[in-house]
Amino acid sequence: MTRFNLRDGVEPQTYGIGIKELWDIDPEKHQPGLVIHTQGWPLADTVGGGFLYHQEENQVAIGFIVALDYENPHLAPFEEMQRFKTHPAIRPVLEGGRRVAYGARAINEGGLQAIPKLVFPGGALIGCSAGFVNVPRIKGSHNAMKSAMLAADAAFEAIQQGSQGGDELDTYPASFKASWVYRELHKARNARPALSKFGTLLGTLYSGLDLWFNTLGLGFLLPWTFGHHADHSTLKKAADSPKIEYPKPDGEITFDKLSSVYLSNTNHTENQPCHLTLKDAARPVDVNLALYEGPEARFCPAGVYEFIEDGTGRRLQINAQNCVHCKTCDIKDVTQNITWVVPEGGGGPNYPNM
Ligand SMILES: Cc1cc2nc3c(=O)[nH]c(=O)nc-3n(C[C@H](O)[C@H](O)[C@H](O)COP(=O)(O)OP(=O)(O)OC[C@H]3O[C@@H](n4cnc5c(N)ncnc54)[C@H](O)[C@@H]3O)c2cc1C
Ligand code: SF4
């Protein structure tokens, strides 16, 4: 992005962290095909919501997404997901069942206005690397596949015309703009930023109105496009934010981070350099802990970041072997001090069926 200035002239990309579990449930409670989407609870004034999908073979996929432009550094997305499962409409589905998988991933929420330049010499951005998720529907697979087809067509055309590689696939951005992916994202472009702009209640009303106008072909009456703030810029100081007390896990419906990471089949070869790199090793304590009470210990859904006392004071310990590669730390760290780099040896989570 930086090397080729691909983000020039577009809005910052924004994200949510999606935390997901698979459960084998009581066959009598299973309703194949049932889809539940929620918004809000247990969040109060932070954007987010959950999903529960009844899949094949008596299994449900349940997840909760917290928008990473949240302001309160005491907030812990993992704990919000655990609380979500205790809702009276959700808990009975899980009771008597067994959790079989866990995972977490940042999902891009910037929409059309955050899509960077799609091509650079010798390469193209497709799927989620470009940011093609339809946020109100929480769907990105179809757009990932279609954009890959458009880029492949552009590459095929270039090869037929004698390209030796290393040039820009100019026809790909053009075919993207003419495709149904663009039209779909254009219709949905204001739904997510409206929630941050107007708050959950008014924002939801506005989003519904905007989506309906666009769906009914009346989008020309609402021609504007809302902007975004970068997610790392929104945290308030800990002293200015209400504390949040999260209940302890019960070990049946709600769990702790370490037993969750175990179910992600995460593995990294030992003794490799830490793939969570810090530009300035002092900043986690001097800035993050001092002003924000160390939010990385809460926004990481895998317990990678721990502030520990070692006799000389508190220091940050990075348990990189637990990392489930969600990229939240790289996105949300307030001074952009953390850079996630690819670990050695193809390590990371190994998600079956997620
Ligand atoms: C919690 C959650 C729920 C979702 N639910 C839905 C849903 O119900 N329906 C839907 O349509 N969409 C859903 N999405 C969105 C959907 O998952 C994405 O839009 C889609 O997976 C994007 O596909 P992709 O191929 O572009 O990227 P990905 O699926 O992210 O694939 C990228 C791959 O590249 C690999 N990779 C990354 N860096 C490297 C590297 N340096 N070297 C080698 N490999 C690398 C990654 O490990 C990954 O396997 C959801 C997303 C989340 C987070
Ligand atoms: S270390 Fe970063 S990328 Fe890894 S799980 Fe934690 S927040 Fe996600």
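Quantities reported herein were computed from a predicted structural model and do not represent experimental measurements.

Criteria and cut-off values
Residues numbered from 1 in each chain as written. Chains lettered and ligands numbered in written order. Predicted model: local features only at pLDDT ≥ 70, side-chain atom pairs only at ≥ 80, totals over all residues. Near = placed C-beta within 6 Å. Helix = DSSP H or I, 4+ residues; strand = E, 2+ residues; numbered from the N terminus. Nonpolar A, V, L, I, M, F, W, Y, C, P; charged D, E, K, R; others polar. Pairing = 2+ DSSP bridges. Axes fitted to C-alpha atoms, helices over the stretch in contact; angles between N-to-C directions. Parallel < 35°, antiparallel > 145°, perpendicular 65-115°, else oblique. Left-handed = near helix turned anticlockwise from the far one by under 90°. Contact = placed C-beta atoms within 7 Å. Buried ≥ 20, exposed ≤ 12 C-beta atoms within 10 Å, placed from the backbone. Core = buried A, V, L, I, M, F, W, Y, C linked by C-beta atoms within 7 Å. Domains from an automatic or database assignment. Arc of directions from axis to C-beta.

Caption draft 1: Examining the site of ligand 1 more closely. Around ligand 1, the structure places 15 residues, and the nearest of them are Gly18, Gly127, Gly140, Ser141 and Ala144. Among the secondary structure elements, those contributing two or more residues to the shell around ligand 1 are strand 1 (15-24), strand 5 (98-108) and helix 3 (141-160). With 3 residues, the single largest contributor to the shell around ligand 1 is helix 3. The residue makeup of the shell around ligand 1, split by class, is 6 nonpolar, 6 polar and 3 charged.

Caption draft 2: Main features of the site of ligand 2. Neighbouring residues of ligand 2: 13 residues in total, closest Cys300, Val304, Cys323, Cys326 and Cys329. Its residues assigned to classes, the shell around ligand 2 comprises 10 nonpolar, 2 polar and 1 charged.

Caption draft 3: Representation of the pairing of strand 3 (residues 48-54). Note that strand 2 (residues 35-37) and strand 3 share 3 bridges and pair antiparallel. What sits directly across from His37, in strand 3, is Phe51. What sits between the antiparallel neighbours strand 3 and strand 4 (residues 59-67) is a turn of 4 residues, in which Glu57 has the positive phi angle 55 degrees.

Caption draft 4: Expanded view of the packing of helix 6 (residues 191-198) against helix 7 (residues 200-215). In contact at an axis separation of 7 Å, helix 6 and helix 7 are set at 150 degrees when each is read in the N-to-C sense. Classified by the interaxial angle, the pair formed by helix 6 and helix 7 is roughly antiparallel. Taken as a pair, helix 6 and helix 7 cross one another with a handedness that is right-handed. Judged by residue contacts, Ala191, Ala194, Leu195, Lys197 and Phe198 of helix 6 engage Thr200, Leu202, Gly203, Thr204, Tyr206, Ser207, Asp210 and Leu211 from helix 7. When its residues are assigned to classes, the contact of helix 6 with helix 7 shows 7 nonpolar, 4 polar and 2 charged.

Caption draft 5: Seen up close, the environment of Leu112. Summarising the element assignment, Leu112 is placed in the loop between strand 5 and strand 6 (119-120). Its 21 C-beta neighbours within 10 Å are what place Leu112 among the buried residues. For Leu112 and Leu185, which are 73 residues apart along the polypeptide, the C-alpha to C-alpha distance reads 5.6 Å. Sequence-distant contacts of Leu112, defined by excluding residues within four places in its chain, comprise Leu185, His186 and Arg189.

Caption draft 6: Spotlight on the sheet that holds strand 2. Pairing is antiparallel in the open sheet, where 5 strands are placed in the order 2-3-4-1-5. This sheet does not close on itself; its edge strands, each paired only once, are strand 2 and strand 5. Across this sheet, the average inter-strand angle for adjacent strands is 15 degrees, counted without regard to direction.

Caption draft 7: Seen up close, the nonpolar core. Within the largest apolar cluster, 57 residues are counted, with the highest numbers of intra-cluster contacts made by Ile17, Val66, Leu118, Ala124, Ala151, Tyr172 and Val304. With 4 residues, strand 4 is the single largest residue contributor to this core. Shared between two domains, this core holds at least three residues of each, these being domain 1 (118-189) and domain 2 (243-346).

Caption draft 8: A look at helix 9 (residues 283-292). Buried within helix 9 are the following residues: Pro284, Asn288 and Tyr292. The buried residues of helix 9 occupy an angular sector of 50 degrees when projected down its axis, which confines them to one face. The elements touched by buried residues of helix 9 are strand 8 (276-278), helix 10 (296-299) and strand 10 (314-318). Just beyond helix 9, the residue with positive phi is Glu293, at close to 55 degrees.

Caption draft 9: Quick peek at the environment of Phe51. Along the polypeptide, Phe51 turns up in strand 3. Sequence spacing of Phe51 and Val119 is 68 residues, and the spatial spacing of their C-alpha atoms is 34 Å. The residues touching Phe51, leaving out its near neighbours within four places in the chain, are Ile36, His37, Gly63 and Ile138.

Caption draft 10: Structural view of the pairing of strand 9 (residues 305-309). Relative to strand 10, strand 9 runs antiparallel, the two being bridged by 5 bridges. The residue of strand 10 that forms the bridge with Glu306 is Gln317. Connecting the antiparallel pair strand 9 and strand 10 is a turn made up of 4 residues, with Gly311 showing a positive phi of about 100 degrees.

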